[in-house]
Amino acid sequence: MKKLLIQLDTDPLPSTFDRVVASDAGADEIFAYGGVTPQAVTALVHGAIFTRKASELHNTAVFVGGSEVEAGEAIYRAVRKAFFGPLRVSVMMDSNGSNTTAAAAVVSAAKHLDLSQITATVLGGTGPVGSRAAQLLASLGARVNVVSRSEEKAKAVCERLGKEVDASLLTPVGATTTEAYLESARDSKLLVSAGAAGVEMLPAEGLFSLKSLSVAIDVNAVPPLGLGGIEVMDKGKDRGGVICYGAIGVGGTKMKIHHACLRKLFEANTHEFDTQAIFAVARES
Amino acid sequence: MKKLLIQLDTDPLPSTFDRVVASDAGADEIFAYGGVTPQAVTALVHGAIFTRKASELHNTAVFVGGSEVEAGEAIYRAVRKAFFGPLRVSVMMDSNGSNTTAAAAVVSAAKHLDLSQITATVLGGTGPVGSRAAQLLASLGARVNVVSRSEEKAKAVCERLGKEVDASLLTPVGATTTEAYLESARDSKLLVSAGAAGVEMLPAEGLFSLKSLSVAIDVNAVPPLGLGGIEVMDKGKDRGGVICYGAIGVGGTKMKIHHACLRKLFEANTHEFDTQAIFAVARES
Amino acid sequence: MKKLLIQLDTDPLPSTFDRVVASDAGADEIFAYGGVTPQAVTALVHGAIFTRKASELHNTAVFVGGSEVEAGEAIYRAVRKAFFGPLRVSVMMDSNGSNTTAAAAVVSAAKHLDLSQITATVLGGTGPVGSRAAQLLASLGARVNVVSRSEEKAKAVCERLGKEVDASLLTPVGATTTEAYLESARDSKLLVSAGAAGVEMLPAEGLFSLKSLSVAIDVNAVPPLGLGGIEVMDKGKDRGGVICYGAIGVGGTKMKIHHACLRKLFEANTHEFDTQAIFAVARES
């Protein structure tokens, strides 16, 4: 029986990236849909769950993607709402690669640090990858400074994440200057930079002035990179005592996690791969 | 040579239901198109008939679907008009599952009744499934009461169907109350309920008060069901002397018919699977 | 590893023609996109080049098609602009079949004529197929009369083509009457008719009055054909001393070229199949 992946993408043209990875991870056919709205989801999911026997439903799965993460979250909710008790298929949500990238960043950090014992700072902590990295770090027991240009946004994200993880571990920080970024990270052993593509968050001299820093991770692949002094290919590279990861270094791990999740989608019909579940797969693989 | 199914769907996002069934029935690749209009059909069909040798054209087929049955009928006409004599491919029309569902209902009834000898009543007889069930029943010699809330619509449907089958067998009935529904079915051995989803046409006490009734079939899967006292999983279940079929009971047969038609599409390049031809496949399988 | 073809089509519904041919030529999966704009191309190409190892990128390729040739050219430019040095995939541009059809016409003529020694006339010489046939003929050393109803257009096309081939070989001709068409072709050994579908450019008596004519090729498949006296199935048919090719005669060769190019797309990740490169493939095969 063919492994069918139904790709629900919120962009008008469904991602080739997600489609190629799905094909390489073993999906026999990908039914790719672009411009998917929550209204359209029920019929698309019913077609997935009412066409094969319950015992065969692990051969059908749903992938939610697209460049807009909030739109993807609405689709992900609609997908699960359309299930009928045991009539369900496994589903993965990874709009803009946010969940697999955050998982890759945190898995990379965990190679070098006991995350339950540290303070971490996430620059761009309210964005798709940053907020998910903050969530995962706190779920492991790290204290996390969630840094955003808007303190309001930082507070809102901490409040939201506080429903998933220990809220006392999360500290919202509003910061707009290099000095304020450095101040936010002063006691951190881990710094994750997940700001907008092509924006430098910290220059090299600032980064390497942080005395307590052990690991620095930048997920921005578009020059200028988010953290000066780090290179895009860095993957555990020691730079003056700081272990560095660049976007492509993290990206290789992200790709492995993405593949592993897709393969697992077809092992049962009950998987719901969101931020935490994708991270659980990442830690195993 | 790969078996290619070109799925022409009138909804913006082509049906996953039809796509999964096509894949499971043996189509190697499905070219799924949404938002198909009659204007777009000619080029799509020419690409199907001008790309392979005439002797290979049984490996390409067209499936017309979508939730709007009349829109699908316009596509089905446009597809056949785009053929060039022997340069044609097989085509199946099953918008909203109307043809396979009607065939499944009538095949189910035929297991218990000699349809050429009976009177049948079809509630919701002007809808996609109801009108097709009426057509099939009359084609087998049954007298059929075609019941609709609008007598005008019932007359129009009988007039249209009268071009395909013996018009004298069809009686249009306008009815809006339980009493009128019961009156329409008073002498019927078969009752088919094909009204709107989630609308009860007859309560259980009404249904089981019908003295002449032998078989009752309800194709509505959304509670409340169309016929009170029938359950959605019923498949030939005897309830107080009436053989009952619910939507999922009929649905299993519908699925077999759908599969059988898809497999046959690729056996020749000349099949035109509309209401009657799909029923012919249903009777064989 | 699966051979993936990303079909970027500028029409709302991507061509079934190109899709069937791609499947038959060995693409394992076709990711078909309709309504593609230059703005959407970068993300689609990045998904193609950033998902597999550099050494595996010959298993992914891009095909640009659609009925609008200029729109396809814009997509083709955008695709190549989105590559990152060695991170690229092979790409073929054949909107409206223009490149493969022009190549087929010129390859057909070359079977009978030393094209470096002759004068050729192309009716409809400013259209998608005509302008490409003119380019290919001049690239082989033929003198070419580029005939259009608008002399301005003919001049503009010659100027544009003069950047690709020896400009001195191209003569723009404005002509709107049978007499003017005949005058343009008076000294030509080769006549290619590539005008609008369903428009007769020359009647039979005019065509066969041309004393110097050796080969006549008509790529219009819709009656009335472009050249009177030629039949659509003609493939090297001698008619009163003139070797004739009709649209289906040329079309068989076009199909072979189309198949050969698609197969070659997957042999390396560096192919850029435009007019000249497609013709080079045509001459080999």
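The structure under discussion appears in the preceding block.
Please read all numbers here as calculations on a predicted model, not as lab measurements.

Draft legend 1. Inspection of the overall build of chain A at higher detail. Looking only at helices and strands, chain A has 10 helices and 12 strands in total. Per-residue burial for chain A yields a buried fraction of 57% across its 285 residues. Intrachain contacts of chain A at a sequence separation of at least 6 include 73% that bridge at least 24 residues. For chain A, the exposed surface amounts to about 11000 Å²; the carbon and sulfur share of it is 51%.

Draft legend 2. Highlighting the relation of the copies chain B and chain A. Mapping chain B onto chain A calls for a rotation angle of 120° and an axial translation of 0.0 Å; the resulting RMSD is 0.0 Å. Both chain copies can therefore be described as sitting about a three-fold axis. The position closest to the rotation axis in chain B is occupied by the C-alpha of B:Glu29, lying 4.7 Å away. Both copies present different contact surfaces, since only 7% of the interface residues of chain B are interface residues in chain A too.

Draft legend 3. Spotlight on the environment of C:Pro224. Take C:Pro224: it is sitting in the loop between strand E9 (215–218) and strand E10 (235–239). What makes C:Pro224 partly exposed here is its relative accessible area of 44%.

Draft legend 4. Geometry of the pattern of salt bridges. All names here are of chain A. Per the counting criterion, the structure on display carries 33 salt bridges over all chains. Residue Glu 73 pairs with Arg 132 through a salt bridge whose shortest N-O separation is 2.6 Å. Taken together, the residues Glu 73 in helix H3 (residues 69–81) and Arg 132 in helix H5 (residues 128–139) connect sequence positions 59 residues apart. For Glu 73, a relative accessible area of 24% gives the class partly exposed.

Draft legend 5. Region of interest: the interface of chain A and chain C. The interface of chain A with chain C comprises 14 residues on the first partner and 19 residues on the second. For the pair chain A and chain C, the two sides together bury roughly 1200 Å², of which 60% comes from carbon and sulfur. Sorting the residues of chain A by area buried against chain C places A:Leu13, A:Thr16 and A:Val20 first, and these three jointly supply 45% of that buried surface. At the boundary of chain A and chain C, one finds 1 salt bridge. In this structure, the connection of chain A to chain C is made through 6 residue pairs in polar contact (both at pLDDT 80 or more). When residues in the side of chain A that touches chain C are grouped by element, the largest group, 7 residues, is from helix H1 (residues 16–24) of chain A. Classifying every residue of the side of chain A that touches chain C by side-chain character gives 8 nonpolar, 3 polar and 3 charged.

Draft legend 6. Fine view of the relation of the copies chain A and chain C. Rotating chain A by 120° and moving it 0.0 Å along the rotation axis overlays it on chain C with an RMSD of 0.0 Å. Taken as a fraction of all interface residues of chain A, those also at the interface in chain C reach only 7%, which identifies the copy contact as different-surface.

Draft legend 7. Here's a closer look at the packing of helix H1 (residues 16–24) of chain B against helix H9 (residues 247–265) of chain B. All names here are of chain B. Contact geometry of H1 with H9 gives a least axis separation of 9 Å together with a crossing angle of 60°. Taken together, H1 and H9 sit at an angle that is classed as oblique. In this structure, H1 meets H9 at a crossing whose hand is right-handed. Across the interface between the two elements, Phe 17, Asp 18, Val 21, Ala 22 and Asp 24 from H1 touch Lys 254, Met 255, His 258, His 259 and Leu 262 from H9. Residue classes in the contact of H1 with H9 are distributed as 5 nonpolar, 2 polar and 3 charged.

Draft legend 8. Quick look at the sheet that holds strand E4 (residues 90–93) of chain B. Residues and elements named next belong to chain B. Strand order in this open sheet of 5 strands is E2-E1-E3-E4-E12, and the pairing throughout is parallel. Here the strands that pair on one side only, and so sit at the sheet edges, are strand E2 (29–33) and strand E12 (272–273). Here strand E3 (residues 60–65) pairs with E4 via 4 bridges, running parallel. Bridging across to E4, Val 64 finds its partner in Met 93. Sheet strands in contact with helix H3 (residues 69–81) are strand E1 (4–9), E3, E4 and E12, and its direction is about 170° off that of E4.

Draft legend 9. Spotlight on helix H10 (residues 275–284) of chain A. All names here are of chain A. Taken as a whole, H10 has its buried residues at Thr 275, Ile 278, Phe 279, Val 281 and Ala 282. Looking straight down H10, one finds that the buried residues subtend no more than 155° of arc, so they occupy a single side. Turned more than 90 degrees away from the buried face of H10 sit Arg 283 and Glu 284, all of them exposed. Check the buried side of H10 and you find it contacts strand E4 (90–93), helix H4 (98–110), H5, helix H9 (247–265) and strand E12 (272–273).

Draft legend 10. Just unusual backbone geometry, in detail. Cis rather than trans, the peptide bond between A:Pro223 and A:Pro224 has omega equal to -10°. For B:Asn96, which is not glycine, the phi torsion reads 60° and is therefore positive. Relative to the elements of secondary structure, B:Asn96 occurs in the loop between E4 and helix H4 (98–110).

Draft legend 11. Expanded view of the interface of chain B and chain A. Across the contact, 14 residues belong to chain B and 19 residues belong to chain A. Taken together, the two surfaces of chain B and chain A that pack against each other cover about 1300 Å², and 60% of this comes from carbon and sulfur. At the boundary of chain B with chain A, the tally comes to 1 salt bridge. Among the ionic pairs, A:Arg52 bridges to B:Asp24, the shortest N-O distance being 2.7 Å. In this structure, the connection of chain B to chain A is made through 6 residue pairs in polar contact (both at pLDDT 80 or more).

Draft legend 12. Summary view of the packing of aromatic side chains. Residue and element names in this part refer to chain B. In total, this model carries 3 aromatic pairs over all chains according to the counting rule given. A centroid spacing of 5.5 Å and a plane angle of 70° characterise the contact between Phe 50 and Phe 84, whose relative ring orientation is edge-to-face. You can see Phe 50 sitting in the loop between helix H2 (38–49) and E3 and its partner Phe 84 sitting in the loop between H3 and E4, a full 34 residues away along the chain. For Phe 50, a relative accessible area of 35% puts it in the partly exposed group.

Thresholds applied
Residues numbered from 1 in each chain as written. Chains lettered and ligands numbered in written order. Predicted model: local features only at pLDDT ≥ 70, side-chain atom pairs only at ≥ 80, totals over all residues. Heavy atoms only, no water. Helix = DSSP H or I, 4+ residues; strand = E, 2+ residues; numbered from the N terminus. Buried < 20%, exposed > 50% of the residue type's maximum accessible area, 1.4 Å probe, protein only. Contact = heavy atoms within 4.5 Å. Areas by Shrake-Rupley, 256 points an atom, 1.4 Å probe, with all protein chains shown as cover. Least-squares fit on C-alpha atoms with pLDDT ≥ 70 in both. Salt bridge = Lys/Arg side-chain N within 4 Å of Asp/Glu carboxyl O. Buried area = accessible area lost by both parts, 1.4 Å probe. Polar contact = N/O pair within 3.5 Å; in protein donor to acceptor, adjacent residues only side chain to side chain. Nonpolar A, V, L, I, M, F, W, Y, C, P; charged D, E, K, R; others polar. Axes fitted to C-alpha atoms, helices over the stretch in contact; angles between N-to-C directions. Parallel < 35°, antiparallel > 145°, perpendicular 65-115°, else oblique. Left-handed = near helix turned anticlockwise from the far one by under 90°. Pairing = 2+ DSSP bridges. Arc of directions from axis to C-beta. Phe/Tyr/Trp six-rings, centres within 6.5 Å; stacked < 30°, edge-to-face > 60°.

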